Amino acid sequence: MRPADHPSTPEGWGRAEGPFSGRGPLPPRARLLLPVVVSLVIGVGGTVFQLGGLRMWGLATWHPVVALAFAVAGPLLLLAARRYPGPTVAAVLAVTVGDVLVQPHVVAPFAAAAFAIVLALARGARVWTFASVAGAWLAGLAGLSLIGEEWPPPRLVATTVGLIVVLGAGEFLRTRRQRIRERQLLWQRRREDAAAEERVRIARELHDVLAHSLSQISVQAGVGLHLLDAQPEQARSALESIRVTSRTALDEVRSVLGVLRSDDPSRSATVGAADVPGAGRTPQPGLSNLPGLVDSVATPTMTTSLEGDIDLDLPPATQSALYRIAQESLTNAVRHAQASAVAVRLKPLPDAVELTVSDDGVGLERTEPGRGMLGMRERAELLGGTLDVGPTEGGGTTVRATIPRRRP
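Residues numbered from 1 in each chain as written. Predicted model: local features only at pLDDT ≥ 70, side-chain atom pairs only at ≥ 80, totals over all residues. Heavy atoms only, no water.

**Quick notes on the side chain of Glu354**
Within the fold, Glu354 resides in strand S3 (residues 352-359). A relative accessible area of 17% means that Glu354 is categorised as buried. (Helix = DSSP H or I, 4+ residues; strand = E, 2+ residues; numbered from the N terminus. Buried < 20%, exposed > 50% of the residue type's maximum accessible area, 1.4 Å probe, protein only.)

**Observations regarding the nonpolar core**
Within soluble globular proteins, side chains that are nonpolar generally end up buried alongside one another. Judged by nonpolar contacts, the single largest core of 32 residues is most densely connected at Ile325, Leu330 and Leu355. Elements supplying a minimum of two residues to this core: helix H8 (290-296), helix H9 (316-337), strand S2 (341-348), S3, helix H10 (371-382) and strand S5 (397-404). Looking at which element gives the most residues to this core, the answer is H9, with nine residues. Non-local contacts of Leu355, meaning those with residues more than four positions away in its chain, are made with Leu322, Ile325, Ala326, Val344, Arg345, Leu346, Val399, Arg400 and Ala401. Membership of the second largest hydrophobic core comes to 18 residues, among which are Val89, Val92, Val133 and Ala136. (Core = buried A, V, L, I, M, F, W, Y, C linked by side-chain atoms within 4.5 Å. Contact = heavy atoms within 4.5 Å.)

**As for a nonpolar patch on the surface**
There is a patch of nonpolar side chains on the surface, built from Leu33, Val37, Val41, Ile42, Leu76 and Leu79 and spanning about 500 Å² of accessible area. At four residues, helix H1 (residues 28-57) tops the list of elements feeding residues into the nonpolar patch. On the secondary structure map, Ile42 appears in helix H1. (Patch = residues over 30% accessible without salt bridge, like charges linked within 9 Å, V, L, I, M, F, W, Y side chains within 5 Å. Areas by Shrake-Rupley, 256 points an atom, 1.4 Å probe, with all protein chains shown as cover. Salt bridge = Lys/Arg side-chain N within 4 Å of Asp/Glu carboxyl O.)

**So, the sheet that holds S2**
Strand order in the open sheet made by the five strands is S1-S2-S3-S5-S4, with mixed pairing throughout. Taken across any chain shown, the strands that pair with only one partner, and hence form the sheet edges, are strand S1 (303-307) and strand S4 (386-391). In this sheet, adjacent strand axes meet at a mean angle of 10 degrees when their direction is disregarded. Bridge count for S3 against S5 is seven bridges, and the pairing is antiparallel. Directly across from Val357, in S5, lies its bridge partner Val399. (Pairing = 2+ DSSP bridges. Axes fitted to C-alpha atoms, helices over the stretch in contact; angles between N-to-C directions.)

**Examining the confidence of the model for the protein chain**
Considering every residue of the protein chain, the mean pLDDT works out to 76; 78% of them sit at 70 or more. Every residue in residues 1-22 scores below 50 in pLDDT, and together they form 57 contacts with partners more than four places removed in sequence or on other chains. In this model, residues 263-281 is a region of pLDDT below 50 whose contacts with residues beyond four sequence positions or in other chains number 25 contacts. (pLDDT = per-residue confidence, 0-100.)

**Brief notes about helix H3 (residues 85-102)**
Across its 18 residues, H3 extends 26 Å between first and last C-alpha, which sits within 8% of the 26 Å expected from 1.5 Å per residue. Burial runs high along H3: 13 of the 18 residues are buried. (Expected span 1.5 Å × (residues − 1).)

**So, the pairing of S1**
A regular strand carries its side chains on alternate faces of the sheet. By the bridge criterion, five bridges tie S1 to S2 in an arrangement that is parallel. If you follow Thr303 over to S2, its bridge partner there is Ala341. Each parallel crossover has a hand, and for S1 linked through H9 to S2 it is left-handed. (Right-handed = clockwise from strand over helix to strand, strands pointing away.)

**A short note on the environment of Val102**
By the element assignment, Val102 lies in helix H3. The spatial distance from the C-alpha of Val102 to the C-alpha of Ala67 is 7.7 Å, given a sequence separation of 35 residues.

**Section: helix H5 (residues 126-146)**
Here H5 spans 30 Å end to end across 21 residues, near enough to the 30 Å set by a 1.5 Å rise per residue. Considered for burial, the residues of H5 that qualify are Thr129, Ser132, Val133, Ala136, Gly140, Gly143 and Leu144. Here the buried residues of H5 occupy an arc of 115 degrees about the axis, which is enough to place them on one side. Exposed residues pointing more than 90 degrees away from the buried face of H5 are listed as Val127, Ala131, Leu138, Ser145 and Leu146. Gly148 sits one or two residues past H5 and shows a positive phi near 80 degrees. (Arc of directions from axis to C-beta.)

**Considerations on the pattern of salt bridges**
Counted according to the given criterion, the structure contains four salt bridges. The partner of Arg345 in a salt bridge is Glu307, and the shortest N-O contact between them spans 3.5 Å. A residue pair is termed long-range when its members are at least 10 positions apart, and Arg345 in strand S2 and Glu307 in strand S1 qualify at 38 residues. The partner of Arg400 in a salt bridge is Glu354, with the nearest N and O atoms 3.8 Å apart. Placement of the pair is Arg400 in strand S5 and Glu354 in strand S3, with a sequence separation of 46 residues. Accessibility expressed as a relative area gives 34% for Arg400, which makes it partly exposed. One salt-bridge network, held together by shared partners, links Arg126, Glu171 and Arg174.

**Some words on the packing of H3 against helix H4 (residues 110-122)**
For any two helices packed against each other, one specifies the crossing angle of their axes together with the interaxial distance. One can describe the packing of H3 onto H4 by two numbers: an axis separation of 9 Å at closest approach and a directional angle of 160 degrees. What the angle tells us is that H3 and H4 run roughly antiparallel. Crossing angle aside, the handedness with which H3 passes H4 is left-handed. Here Pro85, Val89, Val92, Leu93, Thr96 and Val100 of H3 come into contact with H4, specifically with Phe110, Ala112, Ala113, Ala116, Ile117 and Ala120. Here the contact of H3 with H4 is built from residues that sort into 11 nonpolar, one polar and no charged. (Parallel < 35°, antiparallel > 145°, perpendicular 65-115°, else oblique. Left-handed = near helix turned anticlockwise from the far one by under 90°. Nonpolar A, V, L, I, M, F, W, Y, C, P; charged D, E, K, R; others polar.)

This is how it looks when you write it as structure tokens:
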């Protein structure tokens, strides 16, 4: 933000900047020169025309060169309106007052003053504009009185109404500019928020996939090493489980990272991996994948069970959230709980689905939730649900997630 737009700086001293800066139907140079050219045409042409008529009636009191100098000076000062809108409107109005005093009957050069007022207000130099207009109005009336000239009431009323109209037009443009800028900033913030949400989503997905898969691989590798000599068949089963787990994890990682490798990166901040071409063909896991997930974490020292109906009519986002919450809960049970049994239960409610994962391990030990716990809570809350973690009767930990059947 430049000084002309900053509320804590004198309005109009700096370069003005806004939604129209450098953008619009006309190039910046054309938009800068257009008011100058129009003011010159109106000012010079009108002055020449009126001076000819005034000389015929014997009302011209100054040499035509002086009147033309005032008619040219005002439009040329508009060249500085973009950089210094406040001082420019003051200078143009000063030239206009001088022109009124030397040629009270010439009115055409006032076009430059109108442009200066509108441009200054549109660029935010309100204090400069209103102060300059009031000062020029009072100085003009006082000067006319001193030189013995008076404007007729119709012209006085017309000039006052004209100033009010010009000030209103400038305020309208300023308000319109401000609203457009606010919409642009709001759109930019929405894009940034969407990008941040997508980064969080990708990080959450990667955490869930990698944490669960690596935990399973570590556990199965330990089982395989332990049973390699005594029970080769069990060791072979553990190695097969490692192979399946690693392959599934790679597919899911490709699905998540496919968003970043899409051909249209601008869409990756607002859509999911399944909506982006080239984002991977692996669908998001759902309730139908729960049995395989529960069976995959079972070990000779820990049994797992699944209760409830997995054929529920739920949106894909809800099924994916329930799956990921169950996955993270099972991962925690494997890594931290030292449990001998883990039970996963799905309970349909009238307007929601309740997922419970309970173990008989050592219980809650951490005083602050880790990334996995935060990820589970975020998944539930994003769909309008809740997540509670507490101790199980008789020891252990229970994770209970309640998610509405339809996202509110």
